Amino acid sequence: MVPYDYLIVGSGLFGCVFAHEAAEHNKKCLVIERRNHLGGNIYCENKGGINIHYYGGHIFHTSSKRVWQYVNRFVEFNNYINSPIANYKGKLYNLPFNMNTFHEMWGVITPQEAQMKIQEQCAAFKGEPKNLEEQAISLVGKDIYEKLIKGYTEKQWGRPCSELPAFIIKRLPVRYTYDNNYFNDLYQGVPIGGYNVLINALLKNIDVRTNTDFFVAPDEFKNIANKIVYTGAIDQYFDYTLGTLEYRGLRFEIEKHNTDNYQGGAVVNYTDKETPYTRIIEHKHFEFGKQRVTYITKEYPSTWKPGEEAYYPVNDAKNTALYQKYSALAQQENDVIFGGRLAEYKYYDMDKVIQSALDSVEREF
Ligand code: FAD
Ligand code: UDP
């Protein structure tokens, strides 16, 4: 008899939700994690009462009542609403693109004036936008594209906007109201006490091993459980036999500052091309902290090489086609469930990862 029903590779949200639900079904699970901590990219490090979002700022937002009720079973959320500021060469603009932004950019006051300005600026494009540049200009006009989108996006993705898929920019709302809420979702907040509270609650009473990489002893791990839930990179599982999927890398620089308030809000984006980082996160503001010091993270996009931490999948046509081939291989793999942002190669938000994990639980039990 094998010791476990499920071996779960990776302790991010997908792995943790699956493990919790499997345990609820009286299944014995082991979670292995190659990093030295649990939680994947939502891991927080607490310093002096401030929860530092170690892999960049994370704001929970969802329109799914099911997912919202699910996470609230494990941790209470505060009423943080994300309303980042864009800093373009020292001038500040509200995000996402809304009447405040349009007023700051052009001095317009009414929605009609803003609409006219944008129509004027995107008159050159007709038909379906073919790439991010065309999509952005058709949504918000040339001025906003050039000051608030082009520099940020080309830094973030390391390629021209004309070579990026349009869907990336459609993540951001465009509103003709004076509303700086970055998300349109019904529910939003940050866990009180940080994301580790959620992770630890999900993994309560479940066997875990950190500093443990599946690929160090794959055969041994395959024999430890009846089934595997794999949340690592799908191409790595198949030893890159069909080629390597591309990712965008990130480098996080965390700094401590002896001030109680460094930038006046949790998120400031630097949208010019020259500043090497895309945004500065000031973590205490996620939980309205009153500490005498502060911690900030500068987020530097970077070229990704195999073997490094993979952050953003590059969902262009070439990579999507390669992913589909791997996905076909994955379907033939008996007794392995592939899930999460690396195994599904998807630009997933947290709520979508939870939804995906709950869906695979439903298929399984
Ligand atoms: P991960 O969290 O990546 O977990 C996978 C785990 O598997 C990792 O811990 C990894 O170390 C481990 N692993 C991989 N291979 C192996 C192996 N061979 N052996 C053992 N372990 C392995 N979402 C939002 O909803 N709101 C936000 O504001 C937001 N901000 C973000 C900001 C940044 C900078 C980034 C990068 C992402 C952001 N996200 C946000 C997305 C969010 O982080 C993800 O949706 C979520 O964390 C994905 O969970 P996961 O379990 O799929 O993957
Ligand atoms: N974006 C931009 N300017 C900004 C913020 C975002 O051009 O100030 C674009 C950029 O292309 C980015 C995309 O919008 O990749 C999605 O932004 P989001 O904040 O959702 O990115 P994430 O939080 O996932 O990094």
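Okay, so let's go over this structure. Values in this document were obtained by computation on a predicted structure and should not be read as measured data. Residue positions within a chain follow its written sequence, with the count starting from 1. Numbering of ligands from 1 and lettering of chains from A proceed in the order in which they are written. Where local features are concerned, this predicted model is filtered to residues with pLDDT of at least 70; where side-chain atom pairs are given and counted, the filter is 80 or more; whole-chain, interface and lining totals use all residues. Think of the side-chain values as coming from all heavy atoms in the structure, minus any hydrogens and water.

**Quick notes on the side chain of S356**
Note the threshold: Runs of E in the DSSP output that reach at least two residues are strands. Runs of H or I that reach at least four are helices, and both are numbered from the N terminus. Throughout this description, a polar contact denotes any pair of N or O atoms lying within 3.5 Å of each other; where both atoms belong to protein, one of them has to be capable of donating a hydrogen while the other can accept it, and for residues adjacent in sequence the pair is counted only when both atoms sit in side chains.
In this structure, S356 sits in helix α10 (residues 350-364). Here E344 takes part through its side chain, which lies 2.8 Å from a polar atom of the side chain of S356.

**A look at the sheet that holds strand β6 (residues 85-88)**
For clarity, the threshold we go by: The criterion for strand pairing is that DSSP finds at least two bridges linking the strands in question. For this analysis, residues touch if any pair of their heavy atoms sits within 4.5 Å. Between the N-to-C directions of two axes lies an angle of 0 to 180 degrees, each axis being a line fitted to C-alpha atoms and, for a helix, fitted only over the stretch in contact.
Strands sit in the order β7-β6-β12-β13-β14-β11-β15 across an open sheet of 7 strands; the sheet is mixed. In this open sheet, the two strands that pair with only one neighbour each are β7 (91-94) and β15 (312-313). In this structure, β6 lies alongside β7, joined through 4 bridges in antiparallel fashion. The residue bridging I85 from the neighbouring strand is N94, located in β7. In this fold helix α5 (residues 132-157) packs onto β6, β7, β11 (247-257), β12 (267-270), β13 (279-282), β14 (294-303) and β15, with an angle of close to 90° to the strand it touches most, β6.

**Examining the site of ligand 2**
What counts is decided by this rule: Proximity is defined per residue: any heavy atom of the residue falling within 4 Å of a molecule or strand makes that residue near it. Per-residue accessibility takes into account occlusion by the displayed protein chains alone, with areas from the Shrake-Rupley method and a 1.4 Å probe. Residues are sorted three ways: Asp, Glu, Lys and Arg are charged, Ala, Val, Leu, Ile, Met, Phe, Trp, Tyr, Cys and Pro are nonpolar, and all the rest, Gly among them, are polar.
What surrounds ligand 2 is a group of 17 residues, the closest being T153, R171, Y182, Y312 and Y347. W157 places a side-chain nitrogen or oxygen 3.0 Å from an oxygen atom of ligand 2. In isolation ligand 2 has 530 Å² of accessible area, and contact with the protein removes 93% of it. Take the shell around ligand 2: its biggest share by element is 6 residues, from α5. Taken together, the residues of the shell around ligand 2 break down into 11 nonpolar, 4 polar and 2 charged.

**Regarding the environment of Y55**
With respect to the secondary-structure elements, Y55 resides in the loop between β4 (50-53) and β5 (60-62). In the structure, Y55 is positioned 198 residues away from E253 in sequence and 9.8 Å away in space, judged by C-alpha atoms. Once residues lying within four places of it in the same chain are set aside, the contact partners of Y55 are R35, H37, G40, N41, Y43, F252 and Y311. In terms of polar contacts, Y55 uses its side chain to reach the side chain of R35, at 3.4 Å. Separated by 2.7 Å, the side chains of Y55 and H37 make a polar contact.

**Some words on the site of ligand 1**
Taken together, 35 residues lie near ligand 1, and E33, H58, R341, Y348 and M350 sit nearest. R35 places a polar side-chain atom, nitrogen or oxygen, 3.1 Å from an oxygen atom of ligand 1. Contact between ligand 1 and N41: an oxygen atom at 3.0 Å from a main-chain N or O atom of the residue. In isolation ligand 1 exposes 1000 Å². Once the protein is present, 96% of that is buried. Of all the elements in the fold, those that place two or more residues in the shell around ligand 1 are α1 (13-24) and α10.

**Re the sheet that holds strand β16 (residues 336-338)**
Spatially, β9-β2-β1-β10-β16 is the arrangement adopted by the 5 strands of the open sheet, whose pairing is parallel. A single partner strand is all that each edge strand has here, and the edge strands are β9 (207-209) and β16. Adjacent strand axes in the sheet meet at a mean angle of 20°, parallel and antiparallel pairs treated alike. By the bridge criterion, 5 bridges tie strand β1 (residues 4-9) to strand β10 (residues 225-230) in an arrangement that is parallel. Within β10, the position partnered with I8 by the bridge is V229.

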